[in-house]
Amino acid sequence: MTQDQQGMFGAQGTGDTSGYGGLVASAANAGSAQRPFGGYFDQVTDDLERAYPDFADAIERVVVDRGELTLHIKRERLVEVALILRDKLKFEMSMGVSGVHYPDDTNRELHAVYHLLSVTNNQRIRLEVSVPDVDPHIPSLVEVWAGSNWNERETFDMFGIIFDGHPGLTRILMPDDWQGHPQRKDYALGGIGVEYKGAVVPPPSDRRTYK
Amino acid sequence: MSTYADPYASSRETTEGTVFSVTGGDWDSLVTEIGQAKEERVVVNMGPQHPSTHGVLRLVLELEGETVTEVRCGIGYLHTGIEKNIEFRNWTQATTFVTRMDYLAPLFNEAAYCLGVEKLLGITNDVPEKANVIRVMMMEFNRISSHMVALGTGALELGALSPMIFCFREREKVLDIFEFISGLRMNMAYIRPGGVAQDLPAGTVDKILATVKDLRHSFKDNEKLLVGNSIWMKRTEGIGYLDLAGATTLGVTGPVIRATGLPLDLRKIQPYSGYENYKFDVVTADTCDVYGRFLIRINELEQSLRIIEQCAEKLKSLEGAPVMVADKKIAWPAQLAIGADGMGNSLNHIREIMGTSMESLIHHFKLVTEGFRVPAGQVYSAVESPRGELGAHLVSDGGTRPYRVHFREPSFNNLQSTSAMCEGSMVADIIGAVASIDPVMGGVDR
């Protein structure tokens, strides 16, 4: 998802004078997990496979990282899987959806991440759906968990992901007439330089930083 | 960025860019639409500058006489872009941002964020015991101060003036403790990745125990003002009804879901920071109404005091123990100390880096300007804030700055239930229902 990084400084154009220009930090993205996953994760995936025979087709990847289970789901199957998770596996509550923008992840730039909680079994899992920037459509889960309403509006507002079937997908945090989607990586933070005793302190996004 | 004609704001091009003239948001079109409708409806705009909407919350009410037929919330008036700003600061600096989200529960914001960073770093078990005890104690004090505002302003909004004065007086005592320990009364950035910002000053345990005794005494007096008060009961009983099914599907947590009888409290079911080592009860009610939520907050005060007393007991044997992880690459090098003029840099630390150790100076410089790297990945960490589950979804790309931070704010999700609670009720009951949700707009809008 994230790319390898080169050098130490974020300096561009002026050259890297740190002496670490040749340093390459590889992006260690968690790969697909192999069974046994550990904890209740095996049981959850087994139950889901039993209740949903198309598991292998719908779930692109199962990731277990830092004691958390993530199921990467194809967007066409999201609503079906969500219903099974809610009704059969007792994930009664959705703790909302959070967007992440990976501009370097070609054709999967926009990710929507759902955090589910099962009160009955005291379990948590995460669903992740990725869609291309040019076709940012994901089926809405408002029919499954009514509380997704505002969360999906927020994700639309911040990332421009369009949740098909949402009862009223409008901006929620930004003004109605706002242009652009602020949390995307190609949206500048903004800010102006501040002059202090003749020198200018640049805005946060323009300061030299470490990667 | 796409360009499109805006229905609510005409625009013209200038040398500085596009300039919009906003003409009162959606109000005009709303009035026109209603004027064309056959049946008689009254639409009332309440807020965002209304004294009873708990901050800058806008409610659009549709009325038939005194009965509310539809409620819509307008939020976003306090959107500050904290999540975006964090992406341009290092992992430690971000604590000073997140602490300002839900400004009545700053320590919970910090805790959710720092637990997430620690999970990403894989140092959850390396956080020293004393740091965990201090975190728990500070969070429970914070729960008290937050509930004090919820109870005080809630009563004020329903017309009871005295509880507000008493609640704010008690809250002041808690803020004094915060000031004594962290140097600041609000937005302390006291909980840091790896531990807490500094050790407790001398005499803390005695001060805590004295405050607990004082608070317990005054809470008893406060209770008498409202619990069982017939006017209060008439304004709150059966009002703002939301049952378990509704709360579950809406993702409502905290006192609102506990008022439906479900003992959903992350401190018990998914303990963090050592909550499994404390004795306390999860307070529930079965009335699903405003009165139930009010009683839960009242009774949670005593549970918080119980936990604080157990913390004080543990702290007695932890004199001089570390409050930050041993890994110097993660522990923030700038040691803080409280001087006569409040919290500031520790003079001992400055003496060391400026006068005695070049190596310390280099490390200080590197760690403060560069920060530490966090291995790539994503985590979700949740704590039980006074308003419910406060979750932090952190994504790292392996760099010194967060790649994406999203907060699952309990106020945000809970506020969605306003429509479910209020439609069909009287106008006056909306105030009580919203007050019982206890939304903090700084948290809702972030």
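For the structure itself, look to the data block above.
Analysis parameters
Residues numbered from 1 in each chain as written. Chains lettered and ligands numbered in written order. Predicted model: local features only at pLDDT ≥ 70, side-chain atom pairs only at ≥ 80, totals over all residues. Helix = DSSP H or I, 4+ residues; strand = E, 2+ residues; numbered from the N terminus. Buried ≥ 20, exposed ≤ 12 C-beta atoms within 10 Å, placed from the backbone. Contact = placed C-beta atoms within 7 Å. Nonpolar A, V, L, I, M, F, W, Y, C, P; charged D, E, K, R; others polar. Pairing = 2+ DSSP bridges. Axes fitted to C-alpha atoms, helices over the stretch in contact; angles between N-to-C directions. Arc of directions from axis to C-beta.

Caption draft 1: Local environment of the overall build of chain A. Looking only at helices and strands, chain A has 4 helices and 11 strands in total. Per-residue burial for chain A yields a buried fraction of 34% across its 211 residues. Excluding contacts between residues fewer than 6 apart, the proportion of contacts in chain A whose partners are at least 24 apart in sequence is 50%.

Caption draft 2: Expanded view of the interface of chain B and chain A. Between chain B and chain A, the residue contacts involve 49 residues of the former and 40 residues of the latter. Listed by contribution, the elements that provide at least two residues to the side of chain B that touches chain A are strand S2 (17–22), helix H2 (82–86), helix H4 (106–121), helix H9 (244–249), strand S10 (377–385), strand S11 (388–396), strand S12 (404–408) and helix H15 (410–415) of chain B. The biggest single contributor to the side of chain B that touches chain A is S11 of chain B, with 4 residues. Considered class by class, the residues forming the side of chain B that touches chain A number 18 nonpolar, 19 polar and 12 charged.

Caption draft 3: Broad picture of the sheet that holds S11 of chain B. Residue and element names in this part refer to chain B. With antiparallel pairing, the 3 strands of this open sheet are ordered in space as S10-S11-S12. Looking at the sheet topology across the chains shown, the edges are occupied by S10 and S12. The mean inter-strand angle of the sheet, taken between neighbouring strand axes irrespective of direction, is 15°. Sheet analysis places S10 next to S11, joined by 9 bridges and oriented antiparallel. Bridged to Gly377 within S11 is Ser396. The strands touched by H4 within the sheet are S10 and S11, with S10 carrying the most contacts at an inclination of about 150°.

Caption draft 4: Structural detail: helix H1 (residues 41–51) of chain A. All names here are of chain A. Residues of H1 that are buried include every one of Phe41, Val44, Thr45 and Leu48, and no others. Seen end-on, H1 carries its buried residues on one side only, within an arc spanning 95°. Turned more than 90 degrees away from the buried face of H1 sit Asp46 and Arg50, all of them exposed. Contacts from the buried residues of H1 go to helix H2 (55–58), strand S3 (59–65), strand S4 (68–73), helix H3 (78–87) and strand S7 (123–131).

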